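Per-entry structural report
So the chains spell out like this:
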Amino acid sequence: MWEKKGSYYFHVRGNVMAGNGVTDNVGEEVKKLAVQKVILVSDQGVMKSGVCEPIIKSLKKSGLHVEVFDKVHSDPSVRIMDEIAALVKKNGAEAIVGVGGGSSLDAAKGAAIVVTNGGSIKDYIGEKKFGKNPLPVIAVPTTAGTGSEVTWHISVHDEEEHKKVTVRSPLCVPEMAFLDPGLLKGLPAHVAASTGMDAFAHSFESYISTQGAWLLTETLGLESVRLIGKNLRNFVADRGNLEAGGNMLVAAMLGGMCLSHARTGIVHQMARPLGAHYGIPHGLANAIMLAYAMEFCVEASINKFARVARIMEPNLEGSSDIEAAGKTTDMVRRLTKDIGLPQKLRDLGVKEEDLDTLADDAMQGKTIFENPCRGTKTDLLKIYREAY
Ligand SMILES: [Fe+2]
């Protein structure tokens, strides 16, 4: 890449603090932002799990005034982000602490934009549609998957238009992220499994992407894949395994950094309609489609598939690229089976007669995906049939 003239991009923003129990220091760190009032954004499940209590305690111990908003739901809507922003303005909060999975973190990130830029989050749908820095966001993930704590993305459910849209800008990256494996102990095994495979899809798809991927993103993506291959089984088997949980948090964060720059591809393209039509959770939809959709790209990206295979199974070191690449999808299938995820769309209630509609829908979103190969509707329908 250095011999030809070129220009490669990577945006660095935000602080990451990691460690078992590191969230005990949230108050101390937030205090450094010179703020007095904060709002903690979460959902009722996370609140009930008790995860937020020590965080609130830490914030209060540092002399901060804390307001709690715990009504975030999965796939947060325009309405919820605007509602949080209105609450922040009303209370004069100066920072937002998001605690939870991707939904709570995205809701916090979306509200932070509305507070400083005005209007509604709907005004900022698309790429770099706002100019002012959002209110500082402190992200505390309680799943290891979306990487929302470091991404440029915010997924927004536009209830009026009945679709999922994206707000995207480097300014969306939170001011601080806390990676604390101690917070993952209460995560249900199936959530640990599906969100972990979402992280795999981010790292893998951005690694083979044809836009924005370069030595830096590829290095991070491959390390993320290696960490997931080595830790996801142990993490799903025991969410109290701090070593596996911490490594998965880092893998998910790396995946988030990669996808911000190099985007996702055909797997996410085909997973999205499964969420829209059947309400299948994002991570699970990606996990199901992964091996089937990946297979479609093998020939267009043999070298990269081979590197992924070798990093997941070092005993393939001496094998040819074609031989190693051909084993990648089987490795992914084995991984998803070992962590107890369903293998077929029919297992999730998808109807065979809907596959054509799903393929039509998947074609609609193609402009935001960066595949090494372009699939026609016929190709996508064939992949859905195989996955069915
Ligand atoms: Fe994803």
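Our structure is the block above this text.
Described below are features of the structure shown in this document. (Residues numbered from 1 in each chain as written. Predicted model: local features only at pLDDT ≥ 70, side-chain atom pairs only at ≥ 80, totals over all residues. Heavy atoms only, no water.)

Okay, the coordination of the iron ion next. Each donor-metal-donor angle in an ideal tetrahedron of four donors is 109.5 degrees, and each such angle in an ideal octahedron of six donors is either 90 or 180 degrees. The protein atoms that coordinate the iron ion are Asp198 (OD), His202 (NE2), His268 (NE2) and His282 (NE2), at distances spanning 2.1 to 2.2 Å. Considering all four donor atoms around the iron ion, angles at the metal cover 86 to 162 degrees and the coordination shape is irregular. Sequence positions of the residues that donate to the iron ion give the spacing D-x3-H-x65-H-x13-H. With aspartate 198 in helix α6 (residues 189–207) and histidine 268 in helix α9 (residues 266–278), the pair connects residues that are 70 residues apart, well separated along the chain. (Donors = N, O, S within 2.8 Å, 3.2 Å for Na, K, Ca; no water. Tetrahedral: all angles 85-135°; square planar, octahedral: opposite > 155°, others 65-115°. Helix = DSSP H or I, 4+ residues; strand = E, 2+ residues; numbered from the N terminus.)

This part is about the nonpolar core. Ranked by internal contacts, the top residues of the largest apolar core, which has 77 residues, are Met197, Phe200, Leu232, Met289, Leu345 and Tyr384. It is helix α10 (residues 282–297) that provides the largest number of residues to this core, a total of eleven residues. Once you skip the residues sitting within four places of it in the chain, tyrosine 384 turns out to touch Met270, Pro273, Met289, Leu345, Leu355, Leu358, Ala359 and Ala362. Among the nonpolar cores identified, the runner-up in size contains 29 residues, and Val72, Val115, Val137 and Val165 belong to it. (Core = buried A, V, L, I, M, F, W, Y, C linked by side-chain atoms within 4.5 Å. Buried < 20%, exposed > 50% of the residue type's maximum accessible area, 1.4 Å probe, protein only. Contact = heavy atoms within 4.5 Å.)

On to the sheet that holds strand β8 (residues 163–168), then. Strand order in the open sheet formed by three strands is β5-β8-β7, with mixed pairing between adjacent strands. What marks the edges here is a single partner per strand, and that holds for β5 (126–127) and β7 (153–158). Taken together, the six bridges between β7 and β8 define a ladder with antiparallel strand orientation. Its bridge partner lying in β8, histidine 153 is registered against arginine 168. (Pairing = 2+ DSSP bridges.)

So, about the packing of α9 against helix α15 (residues 377–387). Two numbers describe how α9 lies on α15: the axes approach to 12 Å, and their chain directions differ by 70 degrees. Taken together, α9 and α15 sit at an angle that is classed as roughly perpendicular. On α15, the residues touching Ile266, Gln269, Met270 and Pro273 of α9 are Leu380, Ile383 and Tyr384. In terms of residue class, the contact of α9 with α15 is made up of six nonpolar, one polar and no charged. (Axes fitted to C-alpha atoms, helices over the stretch in contact; angles between N-to-C directions. Parallel < 35°, antiparallel > 145°, perpendicular 65-115°, else oblique. Nonpolar A, V, L, I, M, F, W, Y, C, P; charged D, E, K, R; others polar.)

Moving on to the pattern of salt bridges. Throughout the structure, instances matching the rule amount to 19 salt bridges. The partner of aspartate 338 in a salt bridge is arginine 233, with the nearest N and O atoms 2.7 Å apart. With aspartate 338 in helix α13 (residues 328–338) and arginine 233 in helix α7 (residues 215–237), this residue pair connects regions lying 105 residues apart in the sequence. Among the residues examined, arginine 233 registers a relative accessible area of 33% and is labelled partly exposed. Measuring nitrogen to oxygen at the nearest pair gives 3.0 Å for the salt bridge that ties aspartate 356 to lysine 377. One end of the pair, aspartate 356, is in helix α14 (residues 355–364); the other, lysine 377, is in helix α15, and 21 residues separate them in sequence. For lysine 377, a relative accessible area of 27% gives the class partly exposed. (Salt bridge = Lys/Arg side-chain N within 4 Å of Asp/Glu carboxyl O.)

Remember, this is a structural readout, not a statement about activity or role.
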